[in-house]
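# Fold and contact review
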Amino acid sequence: MYDLMGESKEDLVEQPLGTLAKVLLLAWSLLGMLPLSAMVVGYHFLPSSEWMSTTSLPGLGAGLVSAGLVLWLFLKGARMVPISDMNMAVGAVFAPIFGYLVGKNIVVIAGPMIFALVAGRQVELTFTVARADSDGISRCTSPLELEGLPLVFDTLCGVSEDFRRELEPGQRIVVIGRGTSLGVYAEGLRRIY
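Residues numbered from 1 in each chain as written. Predicted model: local features only at pLDDT ≥ 70, side-chain atom pairs only at ≥ 80, totals over all residues. Heavy atoms only, no water.

### Re the sheet that holds strand 1 (residues 45-47)
Definition in use: By definition, two strands form a pair when at least two bridges between them are found by DSSP. Segments assigned H or I by DSSP are reported as helices when at least four residues long, segments assigned E as strands when at least two residues long, and all are numbered from the N terminus. Contact criterion: two residues are considered in contact whenever any of their non-hydrogen atoms come within 4.5 Å of each other. Only the stretch in contact is used when a helix axis is fitted, and all axes are lines through C-alpha atoms; the angle between N-to-C directions ranges over 0 to 180 degrees.
Here six strands make up an open sheet; going across it, the order is 1-8-7-2-5-6 and the pairing antiparallel. Across the chains shown, the open sheet's two edge strands, defined by having one partner strand only, are strand 1 and strand 6 (155-156). In terms of strand pairing, strand 1 meets strand 8 (residues 183-191) through three bridges, oriented antiparallel. The partner of Phe 45 across the bridge, within strand 8, is Tyr 185. Where helix 4 (residues 85-119) meets the sheet, its contacts fall on strand 1, strand 2 (121-131), strand 7 (172-180) and strand 8, and the angle it forms with strand 7 comes to roughly 65 degrees.

### Remarks on the state of the cysteines
Test applied: Disulfides are defined as cysteine sulfur pairs within 2.5 Å. Exposure is judged per residue with a 1.4 Å probe applied to protein chains only, and the accessible area is read against the type maximum: over 50% gives exposed, under 20% gives buried, and values in between give partly exposed.
All chains considered together, the criterion is met by one disulfide. The disulfide partner of Cys 140 is Cys 157, and the S-S distance across this bridge is 1.9 Å. Its S-S torsion of approximately -105 degrees makes the covalent link between Cys 140 and Cys 157 left-handed. You can see Cys 140 sitting in strand 4 (residues 140-141) and its partner Cys 157 sitting in the loop between strand 6 and helix 5 (161-165), a full 17 residues away along the chain. By relative accessible area, which is 11% here, Cys 140 ends up buried. The class for Cys 157 is partly exposed, based on a relative accessible area of 24%.

### A look at the environment of Thr 55
The test is simple: Between N or O atoms, a polar contact is any pair within 3.5 Å; within protein, one atom must be a potential hydrogen donor and the other a potential acceptor, and residues adjacent in sequence are included only when both atoms are from side chains.
Structurally, Thr 55 can be placed in the loop between helix 2 (49-54) and helix 3 (56-80). Once the C-alpha coordinates of Thr 55 and Val 108 are considered, the two residues, 53 residues apart in sequence, prove to be 6.1 Å apart. Setting aside anything within four residues of it in sequence, one finds Thr 55 in contact with Val 107 and Val 108. Here Trp 51 takes part through its backbone oxygen, which lies 2.8 Å from a polar atom of the side chain of Thr 55.

What follows is the structure, encoded as structure tokens:
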């Protein structure tokens, strides 16, 4: 059956499903980029060590599925738009890496971040110091690195030299701030004696 514009009913049904898929993919990408965006703005969110151990396998699974999906979308798009062999090789390498990070971030970090914003209260979570004597970089001076957390989310910036000087690898500290048992937006630190 055809409508007045000459399109079949099947074509009309595929359009909204394609739009729904695009909206879901955009939402998935934005949710996966939320943790990195928060870091750029200056919010220091730390997922709890317990949450990290609980979500290691689901995070890995979500990352791998997302990596496969992003690689498939890249290859599908590359067939529609001609690109050079060099761009194809670079995209084939970096598309799954990007997809993996987005998928894993959604499970491991974005969920606890949102939950801490919506239902958070003042909490104190315990972490283990990995390194307290690093010089840092221009965007992160006086860093304090913590054990067992994902790359980028394992460092607190701007920690006073006096506080860092008293710490050694393996020592436990308390991070105080708004959050839940899943993670905390760091506002303060306390040593455990």
